[in-house]
Amino acid sequence: MAAAGALALCGSAGAQVYRCEQDGVVRYTDKPCSNKARPVDLPDPVVIPAGPKADLLGEAKRRREAGTRARDEADAEWVAEHEKRKAEEERLRSGRITRTVVEGMSADDVRRIHGEPAVVSKRESKSGIRETWSYALDGDRRLHVTFSEGRVSSVRMREPKQ
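Procedures and definitions
- Residues numbered from 1 in each chain as written.
- Predicted model: local features only at pLDDT ≥ 70, side-chain atom pairs only at ≥ 80, totals over all residues.
- Heavy atoms only, no water.
- Patch = residues over 30% accessible without salt bridge, like charges linked within 9 Å, V, L, I, M, F, W, Y side chains within 5 Å.
- Areas by Shrake-Rupley, 256 points an atom, 1.4 Å probe, with all protein chains shown as cover.
- Salt bridge = Lys/Arg side-chain N within 4 Å of Asp/Glu carboxyl O.
- Lys, Arg positive; Asp, Glu negative; His and termini not counted.
- Charge placed at Lys NZ, Arg CZ, Asp CG, Glu CD.
- Helix = DSSP H or I, 4+ residues; strand = E, 2+ residues; numbered from the N terminus.
- Buried < 20%, exposed > 50% of the residue type's maximum accessible area, 1.4 Å probe, protein only.

### Examining a positive patch on the surface
A surface patch of like charges, here positive, comprises Arg123, Arg156, Arg158 and Lys161. Positionally, arginine 123 belongs in strand E3 (residues 119–125). What makes arginine 123 partly exposed here is its relative accessible area of 48%.

Written as structure tokens, this is what we have:
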């Protein structure tokens, strides 16, 4: 069929196309294959005028630049988030090393630093359950550690009154 279409284009240029059947196979050719071969009348080809010239190279370049920009923005966002996580990990690690309770620590971290609390109180609110651990330190000082969603959300030191 493709050959017939290609030959059809040639038909309008003055060349003859012949339909030949040999061994049950139909072929189209520019030369008669036998004395019985007759030229085929082909219609003139349909010509569709081209639309405005497409700037394919420019479009490909714009798409590539947009993809590069999107990738660079995603990479920059990932790097910023990674640096933020690393800074948070370092802050928590520093608190563990210096045995200082800091926001974001887990209950296990606080237990490792101060042991079991002397008093535990729980409050439930719209924002969730808040648990406060109280520790009696040297003298009359008291440490109050509040947890929200399993992480330290505030640390308060109560000094003795003078």
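Additional details are given in the paragraphs that follow.
### Notes on the pattern of salt bridges
Overall, the coordinates contain 13 salt bridges when judged by the stated rule. Ionic pairing is found between arginine 62 and aspartate 55, a salt bridge with its closest N-O pair at 3.9 Å. A salt bridge links lysine 86 to glutamate 89; the shortest N-O distance between them is 3.8 Å. Placement of both lysine 86 and glutamate 89 in helix H2 (residues 56–98) is noted, with a separation of 3 residues, approximately one turn of the helix.

Any functional reading would require information beyond the geometric quantities listed.
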